[in-house]
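Here is how the chains run, residue by residue.
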Amino acid sequence: MLAIVPSATAPEPIEGDFLGKHIVSVGQFCRSDLDVLFDATSSLRTRVRQSDRGVAEIAKGSVMALLFFESSTRTDLSFQSAMRRLGGEVVGVSNGIRFSSAYKGEDLHDTIRAAGCYADVITLRHPVAGSCRLAARYLGRLDKKVGRRPILINAGDGVGEHPTQALLDLFTILDFKESLDNTCISMVGDLKHGRTVHSLARLVCAWGARGASLHLLSPPDLRMPPEVVEMCRASGVEVSEASRIDDRLRESGVIYWTRVQEERFENPADYEAIKDDFVMTPPLLRSCSPHTLLMHPLPRKHEMGTRADHDELDADDRSVFFQQMENGMFVRMALLAKVLSGAHV
Ligand code: ASP
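Small disclaimer: the values here were computed from a predicted structure and weren't measured.

(A) View of the layout of surface pockets. There is about 410 Å³ of room inside the largest pocket. Together, 21 residues line the largest pocket, and Arg 125, Arg 195, Arg 259, Leu 298 and Pro 299 are the ones closest to its centre. Where the lining of the largest pocket is concerned, the elements lending two or more residues are α2 (74–85) and α7 (195–207). A class-by-class count of the residues in the lining of the largest pocket yields three nonpolar, eleven polar and seven charged.

Next up, the structure:
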């Protein structure tokens, strides 16, 4: 079993200096940090598309360890691809729960420090919220023993946060919209368990757009955690909540659809009762603004209808799931370049 003691240690703000910083929360980023990171992301995207060989020098000689104790396709593959495209090496146990010593009963404190003895950066996905903060704290103590201080990156911690997903989501929105000013972002589905929406809502606040608003649509039992809503309101972002599809959703500049997180429900009957409350279908998308962006962190299931519905939604230019995925690799390249070497790219 994975034993976690929650840690209250606040993560270190970036404040213009990425080098050597653990990335555990979007709360570490201010607007100017995001400007720097997104400039680097755009630049790396251009350079990769032009096959600029210099990109492969940025992380040469560095090693990233992937420790994934929860399933993943996009985050796992995009981090691996990002590190390799920067010229770095990747080691890891993608199915950490089954194939690492956690299976023998080792706690996270020891598993993370084992990875820290070998790697320069550790990408951790874990089912328990707060685990990445704890891991970062333990890595911080390792330097007294091994003379190095490896960097921890949160690749999703339970129902907590998913900072790199939020970074790629915001980058993708700005790629299409150029500005968030006066933009309404509707977030739909399982807002209680969805770490991607927890992080994205916080990041929209850090971006500080004028007149940006959040419209939160969920079944009553799956509402956004009150602390996230309060934080958004306190930062001047208008927040509205609803429990059914409405015109505000149809008029939104961004529609961020999410999966009901079956694996987080204790009682399967509760999941069955709620899973079809919000389904994005081609007719619903046809009724939405021609200028909207339809986003989803994926994986998707019936919250986007049938396989035929998926295909029809994908064919709509407003659907940008695949651009989100590709941007995920570029954002992670930029972040790795910054934390590993502070590289100006
Ligand atoms: N892939 C995203 C995550 O890891 C969304 C999801 O699983 O529904 O949080």
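Back to the text.
(B) Representation of the pairing of strand β4 (residues 151–157) in the model. When you tally the buried positions in β4, you get seven out of seven residues, the bulk of the element. Relative to β4, strand β3 (residues 121–126) runs parallel, the two being bridged by five bridges. Bridge pairing in β4 places Val 121 opposite Ile 151.

(C) The arrangement of the sheet that holds strand β2 (residues 89–93) in detail. Overall, parallel pairing links the four strands, which are arranged β2-β1-β3-β4 in an open sheet. The open sheet terminates on both sides in strands that have one partner only, identified here as β2 and β4. Sheet twist, expressed as the mean angle between neighbouring strand axes with direction ignored, is 20 degrees. Strands in contact with helix α4 (residues 108–118) are β1 (63–68), β3 and β4; relative to β3, the strand with the most contacts, it is inclined by about 155 degrees. Set on the sheet, helix α5 (residues 131–146) makes contact with β3 and β4; between it and β4 the angle comes to about 165 degrees.

(D) Structural context of the pairing of β2. Pairing geometry for β1 and β2, over five bridges, is parallel. When the bridges of β2 are listed, Met 64 appears paired with Val 90. With α2 bridging β1 and its parallel neighbour β2, the resulting β-α-β unit is right-handed.

(E) Inspection of the site of the ligand at higher detail. Around the ligand sit Arg 125, His 162, Arg 195, Thr 196, Arg 259, Gln 261, Pro 297, Leu 298 and Pro 299, and that is every residue in its neighbourhood. Between the ligand and Arg 125, the relevant distance is 3.2 Å, taken from an oxygen atom to a side-chain nitrogen or oxygen of the residue. At 2.9 Å from an oxygen atom of the ligand is found a side-chain nitrogen or oxygen belonging to Gln 261. Relative to its unbound accessible area of 260 Å², the ligand is 90% covered by the protein chains. Taking a 2 Å distance to the grid points as the criterion, the majority of the atoms of the ligand fall inside the largest pocket. Split by residue class, the shell around the ligand holds three nonpolar, three polar and three charged.

(F) Expanded view of the nonpolar core. Counting 71 residues, the largest nonpolar core has Met 187 and Leu 336 as its most contacted members. Contact partners of Leu 336, with chain neighbours within four places excluded, come to Met 64, Phe 79, Ala 82, Met 83, Leu 86, Val 121, Ile 153 and Ser 341. Of all hydrophobic cores here, the second largest spans 20 residues; its members include Ala 65, Ala 115, Ala 119 and Tyr 138.

(G) Representation of the confidence of the model for the protein chain within the structure. With 96% of its residues at a pLDDT of at least 70, the protein chain reaches an overall mean of 93. Note that pLDDT drops below 50 for residues 1–5; the model gives that stretch 17 contacts with residues more than four away or on any other chain.

(H) Highlighting the packing of helix α6 (residues 163–177) against helix α13 (residues 321–341). Closest axis-to-axis distance for the α6/α13 pair is 8 Å, and the angle between their directions is 115 degrees. Crossing of α6 over α13 shows right-handed handedness. Two secondary-structure elements touch here, α6 through Thr 164, Gln 165, Leu 167, Leu 168, Asp 169, Phe 171, Thr 172, Asp 175 and Phe 176 and α13 through Gln 323, Gln 324, Asn 327, Gly 328, Val 331, Arg 332 and Leu 335. The class makeup of the residues in the contact of α6 with α13 is six nonpolar, seven polar and three charged.

Cut-offs and rules
- Residues numbered from 1 in each chain as written.
- Predicted model: local features only at pLDDT ≥ 70, side-chain atom pairs only at ≥ 80, totals over all residues.
- Heavy atoms only, no water.
- 1 Å grid on protein atoms, 1.4 Å probe; cavity = no way out; pocket = protein on both sides within 12 Å on 5 of 7 lines; lining within 4 Å.
- Points joined across faces, edges and corners; volume = space filled by probe spheres on them.
- Helix = DSSP H or I, 4+ residues; strand = E, 2+ residues; numbered from the N terminus.
- Nonpolar A, V, L, I, M, F, W, Y, C, P; charged D, E, K, R; others polar.
- Buried < 20%, exposed > 50% of the residue type's maximum accessible area, 1.4 Å probe, protein only.
- Pairing = 2+ DSSP bridges.
- Axes fitted to C-alpha atoms, helices over the stretch in contact; angles between N-to-C directions.
- Contact = heavy atoms within 4.5 Å.
- Right-handed = clockwise from strand over helix to strand, strands pointing away.
- Near = heavy atom within 4 Å.
- Polar contact = N/O pair within 3.5 Å; in protein donor to acceptor, adjacent residues only side chain to side chain.
- Areas by Shrake-Rupley, 256 points an atom, 1.4 Å probe, with all protein chains shown as cover.
- Sits in = over half its atoms within 2 Å of the grid points.
- Core = buried A, V, L, I, M, F, W, Y, C linked by side-chain atoms within 4.5 Å.
- pLDDT = per-residue confidence, 0-100.
- Left-handed = near helix turned anticlockwise from the far one by under 90°.

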